[in-house]
Structure formats: structure tokens, C-alpha cells
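Survey of secondary and tertiary structure
The chain contents come next:
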Amino acid sequence: PGTQEAADWADIYLSDGALDKVASGYADVEAYTYINPRVGFSFPVSDKTKIHAQYGKFTQHPILNRLYLSDTRLASNLTQGNMTVSPNPSLKPEQTTQYEVGLTQQIGGYAALGITGFYKEVRDYTMMANIQGAKVNTALFSWAQYMNGDYGVVKGMSVNMNMRRINGLLANVSYTLSFAEGTGTDPASNWNIAWTGDTYPTMINPLEYDQRHTGSVMFDYRLDSGVLANTGVNLLYQFGSGTAYTPSLTESAIFGRGWYAPTAAVNSAYNPWTSTLDLKVDRSLNIAGYDASLYVLVLNVLDTDNVDEVFPGSGDAGNDGYLNTLEGKTWATGNPAAVDFYNARLQDPRNWDAPRQVRVGLTFGL
């Protein structure tokens, strides 16, 4: 990292509101060294069947604003009296071990089926946690820091069917079943627990990006003769199950504190399924001796309302459920003119995917 760390983060000294690096025993952080072997092979069982396997270890550098800690920021965090989270120069890289094994089978003369199983394990994920027994100038003081410790596993299998172009038509169908589980999706996943100082959880739960089912169907048709020669039509249909969230007590997203008390296991509920159909029509041209392509691309042709996020108390993307509670009904009765304004404020566009979009473009190639 090329930076310095305290001898003991639980024993920090300040002098005149600034960090005393000598008393805190600051020294250079030692470099981390990793060996990341990766190996893969592909073996033809027959002229139509092939198996393949891969293994690899990977490391990823921590996000820099979680790693580099300035003297002034640490001194400020330790003197302002509020609960703060400080970067940690001692953060280690995240380590990933990945396995994959699969089979490819040719079907007839125009199609191939591929099946692949995968397993990925990630250790030393960054998390937030309190410094246990922390002292500042020998006095007990509660503060939190980014640390290594969270753990995650992604496993599953994918199936893919590819068809060669026949009479101008090419097709591809794919489906993936996966499970993403771990102790925390991101450093802030268990921040409230770190903030209150309780024991940091180590149980395995679905992660927030756990999406069990995803898939796509693609058709591409090309015309080589006639009036519509050099014209192509591409249809892409994509679908997926919803990502995970934690069901919680109903709370006002406008008036509440944003601390949702869970009513079920962590990430035990899922957002609705989503699907989109995209259409692209293109025509190859020759403009001043250059190869060009004029295209019209329509994203989300059916203008489907796909939900990205829901309010954890209601499971709805556009309604937090507050006005259906006794407290909410009492407020609505006393503020009838503000009810429509309240509902309008709940319509966060980030809770939905993009609506239908139409794009027209021209590309050039040499």
C-alpha cells in the first residue's frame, strides 16, 4: 500500500487535536504478496463432445478510499464525538478462488449445447466493525473502521444452446441458475450492528445481489438478396428473477429514520421477476467508400415496468405501506391535502428499470 499504520488501532494518541504518530507507533505497512495460479484444459472426448475445466486464484486491491487514511481525517473522526467510520491502511486484498467444469456437445450439424458448473469463493471481503476495546489518549472511545472479514460464495450452473446461421437465421438460448450467499453484501450491510457494538454476525445468508434465475433468447435474421439485401433484424429477450431483500416493519420512507427493523431472516424475500425485449434493425451501406451501418435500436419494446427495488416494509416499489398503518391513517386524516404529495415523493425512478427507449445511429468502419 505504500502507507503507514498504527501499532495498535485500539490505542491511538492525539495531541492538540492532531494525530500523534510517534505515540501511536506509526510504521510502514508491509507489502502483501500473493501467488495466483490459474490452470485450464479442454479435452475432446469425441469429434462432437468436449469437456473443459478451469481453476484459478485471484486477488483484488481494496477500494482506495477505504484504504488510505489521512492524519487529519482520523483526528477529526476521533474528536467530533459522533460515530464515524475510518479507512484502514491495514486492509488486505480480497481473495477469490474459482472453479469451473463443463461439457460441450454438438447436436446435428448446426447446433451445440453447453453445460457449465461454477463455484467461486471470496474471502477477506471488506466490512465495517467497531475497534474492540478502543482507547484514545488512554480513555475508552468507540469508533469503527473498515476491516477484512466478510465472506461470500457464488455457485451454480449455466446452459447454453447455440445454433449456426441457417437460411439467414441464427439463434442462441441461455439460462443460468446461481446462488450468492455470504456474511455481508457490502461493508455497510451490518453497519447498525457495528454501530451498536454488538458481536458482528458470521451466519451465511443470501446476498443482496442473489439472483437465482437469469436467461436470454436471441434471434438474428440477415437478408442477403433482394430489395432488403444487407438488412438485419435482431430480437433479444432477457429475463431474470428478482434480487434479495430483507422484509421489515412498515416505516415511512419520508418521515422515518431509514432503519428498518427486520421481520424475517436476512434477504429472505425477493423482488419481482423482470423481463425485457429489445429490437434492432440495421442496414449495411457504402458511403463515400466507407462501410457503414444505419440502425434503429428499440430497448424495452413492450415498455415493461421492471422493478429494481422495493420498500422493505411493503414489498412494493411505489408504496411504502405507511398510509395503511394506524399512524399513517391518523396523519392522512389530519393532512388530507398532503397525501398526494406524500405518494408522489415515494415515486423514486431508481426503483424501476428504464422505460422504452428508441435510438437511431450510424456507424462507420474502415
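Higher on the page you've got the structure.
In what follows, the accompanying structure is described. All residue numbers refer to positions counted from 1 along the written sequence of the respective chain. Local features are withheld for residues below a pLDDT of 70 in this predicted model, meaning they are given only at 70 or higher, and side-chain atom pairs are given and counted only at 80 or more; totals for whole chains, interfaces and linings count all residues. Working from all heavy atoms in the structure, the side-chain values ignore hydrogens and water.

Okay, the sheet that holds strand 12 (residues 139-140) next. Here, a strand pair is defined by DSSP locating no fewer than two bridges between the strands. The helix count covers DSSP runs of H or I at least four residues long, the strand count covers runs of E at least two residues long, and both are numbered beginning at the N terminus. Pairing in this open sheet of 3 strands is mixed, and the strands run 2-11-12 from one edge to the other. Looking at strand neighbours, the two that pair on one side only are strand 2 (11-12) and strand 12, the edges of this open sheet. Here strand 2 pairs with strand 11 (residues 135-136) via 2 bridges, running parallel. Directly across from Ile 12, in strand 11, lies its bridge partner Val 136.

Looking now at the pattern of salt bridges. The working definition used for a salt bridge is a side-chain nitrogen of Lys or Arg within 4 Å of a carboxyl oxygen of Asp or Glu. Throughout the structure, instances matching the rule amount to 8 salt bridges. A salt bridge links Glu 121 to Arg 123, with the shortest nitrogen-to-oxygen separation between them at 3.2 Å. Only protein chains enter the accessibility calculation, which uses a 1.4 Å probe; a residue whose area is less than 20% of its type maximum is buried, one above 50% is exposed, and one in between is partly exposed. When its relative accessible area of 44% is taken as the criterion, Arg 123 is described as partly exposed. Salt bridges sharing common partners tie together Arg 165, Asp 220, Arg 222 and Asp 282.

Even without glycine at this site, Asn 230 takes up a positive phi of about 70°. The residue Asn 230 is located in the loop between strand 16 (213-223) and strand 17 (231-240) in this model. One non-glycine residue, Asp 303, lies in the positive phi region at around 55°. With respect to the helices and strands, the residue Asp 303 is situated in the loop between strand 21 (290-299) and helix 4 (326-334). With a relative accessible area of 33%, Asp 303 lands in the partly exposed category.

This next bit is on the pairing of strand 16. Note that strand 14 (residues 169-182) and strand 16 share 9 bridges and pair antiparallel. The partner of Ala 171 across the bridge, within strand 16, is Phe 219. Sheet analysis places strand 16 next to strand 17, joined by 10 bridges and oriented antiparallel. Looking at strand 17, one finds that Tyr 221 is bridged to Val 233.

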